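Structure assessment
Here is how the chains run, residue by residue.
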Amino acid sequence: MKRETIKEIGKYLIDISKITVGIAFLTPFVKENSLSYIALFSALLLSISGFILINKGTTDD
């Protein structure tokens, strides 16, 4: 894959993690449930993998 493609996939994963965090914090207010730690953990994993891919796409070998 090209470096720019890897970088854009990383940005996409970070965007998905931001949406997941927003939904995880918004859902308890609507349904009056507790905070979903699974959603927050998955958002954390998505953002970490996104940062790794962005770093991989920008490094010069």
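In this report, we go over the structure that sits alongside the text.

Cut-offs and rules
- Residues numbered from 1 in each chain as written.
- Predicted model: local features only at pLDDT ≥ 70, side-chain atom pairs only at ≥ 80, totals over all residues.
- Heavy atoms only, no water.
- Helix = DSSP H or I, 4+ residues; strand = E, 2+ residues; numbered from the N terminus.
- Rg over C-alpha atoms; globule rule 2.2 N^0.38 Å.
- Buried < 20%, exposed > 50% of the residue type's maximum accessible area, 1.4 Å probe, protein only.
- Contact = heavy atoms within 4.5 Å.
- Areas by Shrake-Rupley, 256 points an atom, 1.4 Å probe, with all protein chains shown as cover.
- Salt bridge = Lys/Arg side-chain N within 4 Å of Asp/Glu carboxyl O.
- Polar contact = N/O pair within 3.5 Å; in protein donor to acceptor, adjacent residues only side chain to side chain.

On to the overall build of the protein. Looking only at helices and strands, the protein has 2 helices and 0 strands in total. Computed over its C-alpha atoms, the radius of gyration of the protein comes to 14 Å, more than 25% above the 10 Å expected for a compact globule of 61 residues. With the C-alpha coordinates of the protein rotated into their principal frame, the extents come out at 50 × 15 × 10 Å. Every one of the 61 residues in the protein was classed for burial, and the buried ones make up 21%. The long-range fraction of contacts in the protein, counting pairs at least 24 apart against all pairs at least 6 apart in sequence, stands at 68%. For the protein, the exposed surface amounts to about 4,800 Å²; the carbon and sulfur share of it is 67%.

Moving on: the pattern of salt bridges. In this structure the tally under the stated criterion is 3 salt bridges. For Glu4, the salt bridge is made with Lys7, and the minimal N-O distance between the two is 3.7 Å. Of this pair, Glu4 and Lys7 are both found in helix α1 (residues 3–31), 3 residues apart, which corresponds to roughly one turn of the helix.

One can find Ser17 in helix α1. Only 2.7 Å separates the side chain of Ser17 from the backbone oxygen of Ile14, close enough to count as a polar contact.

Right, let's get into unusual backbone geometry. Trans is the prevailing form of peptide bonds, just as negative phi is the prevailing case for residues other than glycine. The backbone of Glu32 shows a phi angle near 55 degrees, a positive value even though the residue is not glycine. Mapped onto the elements of the fold, Glu32 is located in the loop between α1 and α2 (37–58). On the basis of relative accessibility, which here comes to 71%, the residue Glu32 falls in the exposed class.

What is shown is where atoms sit, not what they do.
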